[in-house]
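# Survey of secondary and tertiary structure
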Amino acid sequence: MRGLRPDWLSDPKVWHTEVLAGLVVALALIPEAISFSIIAGVDPAVGLFASFTMAVVISVVGGCRAMISAATGAVALVIAPLNRGHGFGYLIAAVILAGVIQVGLGALGVAKLMRFVPRSVMVGFVNALAILIFMAQVPEMHDVPWAVYPLIAAGLGLMVFFPKVTKVIPAPLVSIVILTVITVAAGIAVPTVGDKGALPSSLPVPGLPDVPFTLDTLTTIAPYAFAMALVGLMESLMTAKLVDEITDTHSSKTRESIGQGIANIVTGFFGGMGGCAMIGQTMINVKVSGARTRLSTFLAGVFLMVLCIVFGPVVSDIPMAALVAVMVMVCFATFDWHSIAPKTIKRMPAGEITVMVITVACVVATHNLAIGVVAGSVTAMVIFAKRVAHLAEVTPITAPDGSRVVYTVTGELFFASSNDLVGQFNYATDPDKVVIDLSATHVWDASSVAALDAIETKYAQRGKSVEIIGLNDPSADLHGKLTGELTSH
């Protein structure tokens, strides 16, 4: 039974990290949830309630630990026309129906389509995300009192240098507290969280949407619900994949898909505007604050309501400059700077660069991450269409004396097959000498090289050596150019 206990129950350090991470995320959620409510044309409490219920529910039923789900801009943009044209009741009904659709799509295995998202699209997704997060902060830096700029600079300075002193307390939390104390104590007049809208004073209560339960209502909300379901799943699954890479873990994408649907259903019945995974807040939680468990996600939702209901006046005094500084820091931490380095661009095949650029351009132009991912993936599939063959198979043969094992790989290695390649090796039980025979396959793209690098790294972490043999000339040339060059860490 001890092995089934969560880490935070037995390790005080984990508890400490998760609690503080949840608090930082909750503080960052408040102004964004209010902003997304304005986009959707609803009361600020609707976005805050959605963020609360989404975070709490997904922490239990979701498939990816430490990922933050809440009210998002993408969902707000989808359902805003429905709210304007038909009213709030129809919006809530659409949120519930979108949740039902997500549960159905999750049960049908739509998450398996993630294997067809190549690495170049993932890099483009991350870079576009960083750009969008920064662009969202620009209005908070335009036509504001001059004091906002030194406050943002001070916040960035604190987050850069405070971790060099101690990492016991997350630097973003320290920055928010110090800047709030300074502005309040000195009476500095700058935009605050309270300027975004009134915070709720009570918990949400469940209820049914105020709409006629007729076929006409269903046909009205169905297109919006279906669009919301697809956008929400796309963003959530891409975020989950990114979290997996950062934390070196594997999450259940099917469970996450179903979990997102359940969270939206619950959120709808509690009068929330729905949502999905929030990439910016997830990066604060996972990359900046170091959270790794469901506790941080759960506490982010709980702290959100506590801060609004119990500490509303204090939270309202937080300067927006402090939160802008946090999000700008997230931008720099999220952007894959290695992907635009001249050395990387010179080595990367033209097709990979094209896919990355198209992904970024579509996302930035539409402000919709899902559109960019679809456009990038379609482009990648067109580029590689003539190269596609059956998925790779791995066959291990252990030497009679047990001194080494030879893995024979058959089939083509491209982004769809290489995503599954890493999981077909017995890293823990294999002997110290491992040979990977690629004479019966072809390495087509950067995703395949990255997968081979990942396999070598996993064996090296266990003190085992890997020898790759049998590469044909084009494969050897691509592997030679890209191996060891695809990550910045």
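Right, let's walk through the structure included here. Everything quoted here is computed from the prediction, not taken from an experiment.

How each quantity is defined
Residues numbered from 1 in each chain as written. Predicted model: local features only at pLDDT ≥ 70, side-chain atom pairs only at ≥ 80, totals over all residues. Heavy atoms only, no water. Helix = DSSP H or I, 4+ residues; strand = E, 2+ residues; numbered from the N terminus. Rg over C-alpha atoms; globule rule 2.2 N^0.38 Å. Contact = heavy atoms within 4.5 Å. Areas by Shrake-Rupley, 256 points an atom, 1.4 Å probe, with all protein chains shown as cover. Pairing = 2+ DSSP bridges. Axes fitted to C-alpha atoms, helices over the stretch in contact; angles between N-to-C directions. Buried < 20%, exposed > 50% of the residue type's maximum accessible area, 1.4 Å probe, protein only. Polar contact = N/O pair within 3.5 Å; in protein donor to acceptor, adjacent residues only side chain to side chain. Lys, Arg positive; Asp, Glu negative; His and termini not counted. Salt bridge = Lys/Arg side-chain N within 4 Å of Asp/Glu carboxyl O. Expected span 1.5 Å × (residues − 1). Phe/Tyr/Trp six-rings, centres within 6.5 Å; stacked < 30°, edge-to-face > 60°. Core = buried A, V, L, I, M, F, W, Y, C linked by side-chain atoms within 4.5 Å. Parallel < 35°, antiparallel > 145°, perpendicular 65-115°, else oblique. Left-handed = near helix turned anticlockwise from the far one by under 90°. Nonpolar A, V, L, I, M, F, W, Y, C, P; charged D, E, K, R; others polar.

## A look at the overall build of the protein
A count of helical and extended segments in the protein gives 20 helices and six strands. For the protein, whose C-alpha radius of gyration is 24 Å, the value lies close to the compact-globule estimate of 23 Å for 489 residues. The C-alpha extent of the protein, read off along each of the three principal axes, is 70 × 60 × 50 Å. When contacts within the protein are restricted to residue pairs at least 6 apart in sequence, those whose partners lie at least 24 apart make up 84%. For the protein, the accessible area works out to roughly 20,800 Å², and carbon and sulfur atoms hold 66% of it.

## With respect to the sheet that holds strand β3 (residues 393-398)
Strand order in the open sheet formed by four strands is β3-β4-β5-β6, with mixed pairing between adjacent strands. Across the chains shown, the open sheet's two edge strands, defined by having one partner strand only, are β3 and β6 (465-469). Adjacent strand axes in the sheet meet at a mean angle of 20 degrees when their direction is disregarded. Relative to β6, strand β5 (residues 433-443) is paired through five bridges, and the arrangement is parallel.

## Here we look at the side chain of T220
When you line up the elements, T220 lands in helix α9 (residues 215-247). By relative accessible area, which is 18% here, T220 ends up buried. In terms of polar contacts, T220 uses its side chain to reach the backbone carbonyl oxygen of D216, at 2.8 Å. Residue contacts for T220: discarding those within four places in its chain leaves L82, H86 and Y90.

## Some remarks on the side chain of D430
Structurally, the position occupied by D430 is in the loop between α18 (415-421) and β5. No salt bridge is formed by the buried D430. Its closest oppositely charged neighbour is K464, at 6.2 Å. Polar side-chain contacts of D430 include one of 2.6 Å to the side chain of Y459. Excluding its chain neighbours within four sequence positions, the residues that come into contact with D430 are V405, Y407, Y459 and K464.

## Remarks on helix α8 (residues 171-186)
With 16 residues, α8 extends 22 Å between its outermost C-alpha atoms, agreeing within 8% with the 22 Å of an ideal straight helix rising 1.5 Å per residue. Residues of α8 that are buried include every one of A171, P172, L173, V174, S175, I176, L179, T180 and T183, and no others.

## Examining the environment of V324
Within the secondary structure, V324 is located in helix α14 (residues 320-334). Between the alpha carbons of V324 and I152 there is a distance of 6.9 Å; along the sequence they are 172 residues apart. Excluding its chain neighbours within four sequence positions, the residues that come into contact with V324 are Q137, E140, M141 and I152.

## Describing the packing of aromatic side chains
Tallying each qualifying case throughout the model produces six aromatic pairs. Here F335 and W337 contribute two aromatic rings whose centre-to-centre distance is 4.5 Å and whose plane-to-plane angle is 45 degrees, an arrangement assigned as tilted. Residue class for F335 comes out buried when judged on its relative accessible area of 15%. For W337, a relative accessible area of 45% puts it in the partly exposed group. Considering the side-chain rings of F425 and Y427, the 6.3 Å spacing of their centres and the 35 degrees angle between planes classify their relative orientation as tilted. Just as F425 is buried, Y427 falls in that class too.

## Here's the deal with the pattern of salt bridges
Under the criterion given, the structure shown has four salt bridges. A salt bridge links D248 to K458; the shortest N-O distance between them is 3.7 Å. Pair noted here: D248 is in the loop between α9 and α10 (253-269) and K458 is in helix α19 (residues 446-460), with a separation of 210 residues, a long-range link. Among the residues examined, K458 registers a relative accessible area of 24% and is labelled partly exposed. Between D477 and K481 there is a salt bridge, with its nearest N and O atoms 3.8 Å apart. Note that D477 and K481 are positioned in helix α20 (residues 473-482) at a spacing of four residues, about one turn of the helix. Exposure remark for D477: the relative accessible area of 44% places this residue in the partly exposed category.

## With respect to unusual backbone geometry
With glycine set apart, most residues show a phi of negative sign, and most peptide bonds adopt trans. One non-glycine residue, A66, lies in the positive phi region at around 75 degrees. Mapped onto the fold, A66 is located in the loop between α3 (44-61) and β1 (69-70). The phi dihedral of D248 is positive, around 55 degrees, even though this residue is not glycine. Assessed through its relative accessible area of 55%, D248 is described here as exposed.

## Some points on the nonpolar core
Counting residues in hydrophobic clusters, the biggest one holds 111 residues, and the most contacted among them are I30, L48, M273, I284 and L304. Broken down by element, this core gets its largest block of residues, twelve residues, from helix α2 (residues 12-40). If you look at the next biggest cluster of nonpolar residues, it comprises 24 residues, including V409, L413, A446 and Y459.

## Points about the packing of α2 against α3
Contact geometry of α2 with α3 gives a least axis separation of 7 Å together with a crossing angle of 125 degrees. The orientation of α2 relative to α3 falls into the category oblique. When you trace α2 past α3, the crossing you get is right-handed. For the pair α2 and α3, the contacting residues are I30, A33, I34 and S37 in the first and P44, V46, G47, L48 and S51 in the second. Looking at side-chain class alone, the contact of α2 with α3 contains six nonpolar, three polar and no charged residues.

## Looking at the pairing of β3
A regular strand carries its side chains on alternate faces of the sheet. Across six bridges, β3 lies against strand β4 (residues 404-413) in antiparallel orientation. When the sheet's bridge partners are listed, E393 is paired in β4 with T410. Here β3 folds back onto β4 in antiparallel fashion, the turn holding five residues, of which G402 has a positive phi close to 75 degrees.

## Topic: the environment of I397
For I397, the position within the fold is in strand β3. Excluding residues that lie within four positions of it along the chain, I397 makes contacts with R404, V405 and V406.

Everything listed is a geometric property; what it means functionally is a separate question.
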